Amino acid sequence: MAMMGAKDEQDSSTKIGLEIHCQLTSLQSKLFCSCLCNYRDKEPNKNICPICCGLPGTLPLLNKAALELASMVSLALGCRIPQNIMFYRKNYFYPDLPKNFQLTQYNTYGITSIGVNGRLNYGKKSSRIRRIQLEEDPGRLVYESNGINIGSSYTLIDYNRAGISLVEIVTEPDFSDPKDVRIFLNKFTSIIEHLGVCNTKLEGSVRCDANVSIQGGKRVEIKNVGSFKDVEKALNYEIARQKTMSMHDIKIQAETRHWDDTRKVTKQARTKEEEQDYRYFPEPDIPTILLGREHASSVNVKMPELPDERKDRFIINYGLSEHISQVLIDNKELADFFELTVKIYSSPKEIANWIVTELLRFADDDSLIEAKMDSSVSSQTFLFAGLKIGAKHIAELAKLVDSNIINRNAAKMILTQISKTGEMPSQVLARTNVLKTDDKNIISEAVESVFRTEQFALRDAKNNPNVANFLLGKVMKLTKGRADPKITLHLIKTKLDGLS
Amino acid sequence: MSKLYNLSANQVYAGIRARDFTAEEYIFQILERINKVNGKVNALILIDSKGALEKARLVDRKVREDEKRLGALAGIAIGIKDNICTKGLKTTCASKLLEEYVPPYDATAVRRLKDDDAIIIGKLNLDEFAMGSSTEFSSFGPTRNPWNIDCVAGGSSGGSAASVASSECSASLGSDTGGSIRCPASFCSVVGLKPTYGQVSRFGLIPYANSLEQIGPIGKTVSDVVMIMNTIAGADDNDQTIRVTYNTPGYALPSKRKMRIGLVKELTEGADPEISKRIYSAMDLYTSLDCYCEETSINYVEYALASYYTIAMAEASSNLARYDNIRYGFNFSPDGYEWNAYFAKARSNFGDEVKRRIIIGTYILSSAYYGKYYLKAQKVRTMLKRELGLLFKKYDILITPTMPVLPFKIGEKIRDPIKMFMIDIDTVVANLAGIPSISVPAGFSNGLPIGLQIMADEFQEQKLFDAALLFENETYIDRGPEL
């Protein structure tokens, strides 16, 4: 029974939809009170007030700035913004919910959420966005374990997060391949980073639930997926699970499953029969917000450049390739680094190459691996954190290469050196004397030397065209990368021809 | 100056300012009076003697040293319904669930009273979470009618009306969701105002049904009510449902005018015959004072009660969800309970009436019935509002009885919830439409008070005051209950 291979069998009968939660971390204050938005460094229950604690008699006061940021997200995802916006109460009991209802938006009794009917293109595909809603985050439950007993008799509640602004993005079930979901999420991440509404690197600032169904089966929801990266894994597992069940004629029931990050499986959380009725109704304490006709256009004016526009600009203005541009754009930090470097020294192609092929090697270990495996980098940790290589380094390095003072191999070695010390390339150069050499005498000497030591390889030279390159490598090694590769190769080839 | 506690708020203010007596003397008398009668009436459920005396001394010092800084309500003893938050003073909603709850902030209305040098004398009894029309559903026991202590004081602001009627304070704040200020004002023969929705900040009012209710004053006279409204009404950044932009409305007194008055036929005819007789004679009185009066109808009145209770219970079921005893509440150790079990156990301490409304409200909001009940109730509300809007093009004010019945015996209706709901028929109209409405004393029948209800279009409080004062000037008898 093959759980494997499911990945290769994705077909259009598999339907995947997403529910993405994104905190508006760039706001000053919470959605309905003046408590700070930055709750992360605070002692538990120190970032609270009577309003976000839901004390009796308090009233919500809508943060207008949140409405504006949510509008930007809506426009960036191609949504229509209705003229009248409303908030609804979603009623359910949970200890992390101070009022035992969540203030959110709801479209069943009229379209009043901040965004609706959007579309996002990613790669060569696209997905429809059903709606975007602005809502409040609940608090957090902290499960204590004191190390002796497994689990504890109590659970702590921290309300510091309660009332933080969230936008929830609900897509239509337009995906069939988990790989597409990953690409979509990367694009989404880049968009909200470009909008500046959310710092996706902060833990828990973006979360994604998914729903999956296969032909003939009911819809299964997957919650509790810790990061965007795990969504693809969770979906692959879930699809394989459903297909296996289907193969054995077991009915797939509607249910909610939780992703178990340690065991990398989904586990049943609740069946649809236990599904709650949230008893939505309009929040009486927040009158309908009349945005008016002008709202969307006035927000539109303030919109920053988005990834698609930026990519086009990179291709047109800098002459970069489609692929290189995409890699840069998919991570705003990378794209910003590129533009910063180009400002210092205008050699876009050379610089882009340095960033995409070399610099990423030095990014911190986790993202380094990701970056190598996956051209569309999306890392939720700060890519260049702690790295000593800055824009000025890359600019100078590119300049040294462009002006033929050093060759690429030498430059790579310098880069390694810089990554450790943070010195400028010229300083490293002066210290180690890795000037590129085109001195034919020096190079021929090295070539001669290699020809003497590599007799064995020479025997094969006639039949194997790779021998020349092999010898080139040896010469480069001998000269510590200083030899000009073009001249060297020419010398080697001439010499090889002479042999025959 | 022997009976200072009997003075109206305006008289107290004038007396202290004129140095006829000190605020401290007056507060001492008030506290003595409370001591004497509260055991019978059970209007106050918390008495802040210490705070009241401190504030009285502060007012007296201001009188001596800096009279100009005296606030507009200087020295007046005011009681606060116990569903309105008072910083540092327990605010219980007469519920076990908030038995130990001390708010960390003042309601906007309370803060404004304090800023204007009023003296908060204590907290007043009510039906649990303001759900009731008789103040019998209180964990502190029922408030009794000062005019006949076997009878109910009305509700839910029973304590607010009874305390003023029995001179335990000179004025009070109540809250009115479906008649909760006007009903007890009528039953206790005092003046009670439900302001226009959005006229007085609800910040700090513990909600029963947010879209319907307002905080409002109860006083011995119309001018006392006006005086307090001038302090509590107006813009507040803490309440987004406030619909005024200026700070104090500045109601004037008196402003005599020839008014066009409509008597709502179905509400007047449907009342106890003794009561409807009084309302018709009120119309005769207005006619004799050069007002143009005629009978009129509100067609949607027949659906008002159903609409009101549907909306109120729906909102209540959600509002009261937060009382899970996790963040605040009463003493009840969570040891040994799983969360759901703890929560259920804690919530079983709600009284029967509150449980009834939570259960019905939950049912109303469930997705299968939302359209059938909640949406329909909202439609009725819209239609009623529209109809009233048209009526107010024709009339300056509408008059009806405040209550269709006289104060009834304690326990008489408590086992018949529907009968209890029915007596709100005259008052819910104003809450559904968001319009202002006042109840003024209109005499007695067998020693039990009758109230005249006056309604005006939204933000037309001034018209209400004009009409109420006109009536009061002609009918006022200086009479108090014997206790």
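Nothing here was measured: the structure is a model prediction, and the numbers come from that model.

*Asks:* Any details on the overall build of chain A? Residues and values, ideally.
*Replies:* Counting its regular elements, chain A contains 16 helices and 15 strands. By the burial criterion, 43% of the 500 residues in chain A qualify as buried. Excluding contacts between residues fewer than 6 apart, the proportion of contacts in chain A whose partners are at least 24 apart in sequence is 70%.

*Asks:* Describe the overall build of chain B, and please don't skip the residues or the numbers.
*Replies:* Within chain B one finds 16 helices and 13 strands. Over its C-alpha trace chain B gives a radius of gyration of 21 Å, about what one expects of a compact globule, namely 23 Å for 483 residues. Along the first, second and third principal axes, the C-alpha atoms of chain B reach 60 × 55 × 45 Å. Buried residues in chain B amount to 59% of all 483 residues. In chain B, the proportion of contacts linking residues at least 24 apart, taken out of those at least 6 apart, comes to 75%.

*Asks:* Could you give an account of the sheet that holds strand β14 (residues 281-282) of chain A, naming the residues involved and the relevant values?
*Replies:* All names here are of chain A. Judged by pairing direction, the sheet is antiparallel, and its 3 strands sit side by side in the order β4-β3-β14 without closing on themselves. The open sheet has two edge strands, β4 (101-104) and β14, and neither has a second partner. The pairing of strand β3 (residues 88-91) with β14 spans 2 bridges and is antiparallel. What sits directly across from Tyr-88, in β14, is Pro-282.

*Asks:* Account for the packing of helix α7 (residues 222-232) of chain B against helix α16 (residues 461-475) of chain B, with residues named and values stated.
*Replies:* Think of two packed helices as two axes; the pair is described by the angle between the axes and how far apart they sit. All names here are of chain B. Remark: α7 packs on α16, axes separated minimally by 9 Å, with the N-to-C direction vectors making an angle of 155°. Judged by the angle between their axes, α7 and α16 are roughly antiparallel. Two packed elements cross with a definite hand, and for α7 against α16 that hand is left-handed. Facing α7, whose interface residues are Val-222, Val-226 and Met-229, α16 presents Glu-461, Phe-465, Ala-468, Leu-469 and Glu-472. In the contact of α7 with α16, the residues fall into 6 nonpolar, no polar and 2 charged.

*Asks:* Which residues make up helix α10 (residues 391-402) of chain A, and what values go with them?
*Replies:* Residues and elements named next belong to chain A. In this model, α10 (12 residues) spans 16 Å end to end at C-alpha, consistent with the 16 Å of a helix rising 1.5 Å per residue. Residues His-393, Ile-394, Ala-395, Glu-396, Leu-397, Ala-398, Leu-400 and Val-401 constitute the buried set of α10. Against α7 (332-344), α8 (348-362), α11 (408-421) and α12 (425-432) lie the buried residues of α10. After α10 finishes, the residue Asn-404 shows a positive phi value of roughly 60°.

*Asks:* I'd like to hear about the sheet that holds strand β7 (residues 191-194) of chain B, residue by residue, with values.
*Replies:* For sheets, the rule is that strands pair by backbone hydrogen bonds, running either parallel or antiparallel. Residues and elements named next belong to chain B. Spatial ordering of the open sheet is given by β1-β3-β2-β6-β8-β7-β12-β13-β11-β9-β10, a layout of 11 strands whose pairing is mixed. The open sheet terminates on both sides in strands that have one partner only, identified here as β1 (44-47) and β10 (292-296). Averaged over all pairs of adjacent strands, the angle between strand axes in this sheet comes to 30°, irrespective of strand direction. Taken together, the 3 bridges between strand β9 (residues 260-264) and strand β11 (residues 397-401) define a ladder with parallel strand orientation. Paired with Leu-263 across the two strands is Ile-399, which belongs to β11.

*Asks:* Could you give an account of the pairing of strand β6 (residues 171-176) of chain B, naming the residues involved and the relevant values?
*Replies:* Residues and elements named next belong to chain B. In terms of residue burial, β6 counts as a mostly covered element, since 6 of its 6 residues are buried. Residues Ala-171, Leu-173 and Ser-175 point to one face of β6 and Ser-172, Gly-174 and Asp-176 to the other, with burial holding for every one of them. With 6 bridges joining them, β6 and strand β8 (residues 214-219) adopt antiparallel strand pairing. Looking across to β8, one finds that Ser-172 is bridged to Ile-218.

*Asks:* Just give me the short version of the domain arrangement of chain A, but keep the residues and values in it.
*Replies:* For chain A, the assigned domains read domain 1 (6-300), domain 2 (305-432) and domain 3 (440-499). If you average the C-alpha positions of domain 1 of chain A and of domain 3 of chain A, the two centres end up 61 Å apart.

*Asks:* Give me the confidence of the model for chain B: which residues, what numbers.
*Replies:* For chain B, per-residue confidence averages 96 on the pLDDT scale, and 98% of positions sit at 70 or higher. Under the prediction, the complex receives an ipTM of 0.96, its pTM being 0.89.

*Asks:* Explain helix α13 (residues 370-394) of chain B residue by residue, including any values.
*Replies:* Over its 25 residues, α13(B) extends 36 Å from the first C-alpha to the last, a length consistent with the 36 Å expected when each residue adds 1.5 Å. Of all the bends in α13(B), the greatest, near 25°, is centred on B:Lys376. Of the residues making up α13(B), those classed as buried are B:Tyr373, B:Tyr374, B:Ala377, B:Val380, B:Arg381, B:Leu384, B:Leu388 and B:Phe392. Along its buried surface, α13(B) packs onto β14 of chain A together with α10 (301-319), α12 (352-365) and α15 (428-433) of chain B.

*Asks:* Could you give me a rundown of the interface of chain A and chain B, with the residues and numbers involved?
*Replies:* Many analyses report the size of an interface as the accessible area lost when the parts associate. Opposite the 24 residues of chain A that make contact, chain B presents 32 residues. Looking at the side of chain A that touches chain B, its residues break down into 15 nonpolar, 4 polar and 5 charged.

*Asks:* Go over the confidence of the model for chain A with me, naming the residues and quoting the values.
*Replies:* Residues and elements named next belong to chain A. For chain A, the mean per-residue pLDDT works out to 87, and 89% of the residues sit at or above 70. In this model residues 1-9 is a low-confidence stretch, pLDDT under 50, and it forms 8 contacts with partners more than four residues away in sequence or in other chains. Note on residues 365-382: pLDDT is under 50 here. Beyond four places in sequence and across chains, it has 33 contacts.

*Asks:* Now, about the pairing of strand β10 (residues 206-213) of chain A: what can you tell me, with residues and values included?
*Replies:* A regular strand places its side chains on the two faces of the sheet in alternate fashion. All names here are of chain A. With respect to burial, β10 is a largely interior element, 7 of its 8 residues being buried. Direction of pairing for strand β1 (residues 15-23) relative to β10: antiparallel, over a ladder of 8 bridges. Pairing of His-21 across the sheet is with Arg-207, part of β10. Across 3 bridges, β10 lies against strand β11 (residues 220-223) in antiparallel orientation. Counted as the bridge partner of Val-212 is Val-220 from β11.

*Asks:* How would you explain the nonpolar core if you had to name every residue and give the values?
*Replies:* Formed by 231 residues in total, the largest nonpolar core has its most connected members in A:Val73, B:Ile76, B:Ile78, B:Ile119, B:Ala161, B:Ile397 and B:Ala468. Residue contributions to this core peak at 10 residues, all from α10(B). If we ignore the near neighbours within four places in the chain, the residues touching B:Ile78 are B:Leu113, B:Ala118, B:Ile119, B:Ile120, B:Ile121, B:Cys169, B:Ser170, B:Ala171, B:Ser172 and B:Leu173. Ranked by size, the runner-up nonpolar core spans 33 residues in total, among them A:Val342, A:Ile351, A:Leu360 and A:Leu397.

*Asks:* So what about the environment of A:Val299? Which residues, and what values?
*Replies:* All names here are of chain A. Relative to the elements of secondary structure, Val-299 occurs in helix α4 (residues 295-302). Residue classification places Val-299 among the partly exposed residues on the basis of 19 C-beta atoms within 10 Å. It is 38 Å that separates the C-alpha atoms of Val-299 and Arg-257, two residues lying 42 residues apart in sequence. Among residues more than four places away in sequence, those in contact with Val-299 are Glu-68, Ser-71, Met-72 and Leu-75.

About the criteria used
Residues numbered from 1 in each chain as written. Chains lettered and ligands numbered in written order. Predicted model: local features only at pLDDT ≥ 70, side-chain atom pairs only at ≥ 80, totals over all residues. Helix = DSSP H or I, 4+ residues; strand = E, 2+ residues; numbered from the N terminus. Buried ≥ 20, exposed ≤ 12 C-beta atoms within 10 Å, placed from the backbone. Contact = placed C-beta atoms within 7 Å. Rg over C-alpha atoms; globule rule 2.2 N^0.38 Å. Pairing = 2+ DSSP bridges. Axes fitted to C-alpha atoms, helices over the stretch in contact; angles between N-to-C directions. Parallel < 35°, antiparallel > 145°, perpendicular 65-115°, else oblique. Left-handed = near helix turned anticlockwise from the far one by under 90°. Nonpolar A, V, L, I, M, F, W, Y, C, P; charged D, E, K, R; others polar. Expected span 1.5 Å × (residues − 1). Domains from an automatic or database assignment. pLDDT = per-residue confidence, 0-100. Bend = angle between axes of the 7 residues up to and from the residue. Core = buried A, V, L, I, M, F, W, Y, C linked by C-beta atoms within 7 Å.

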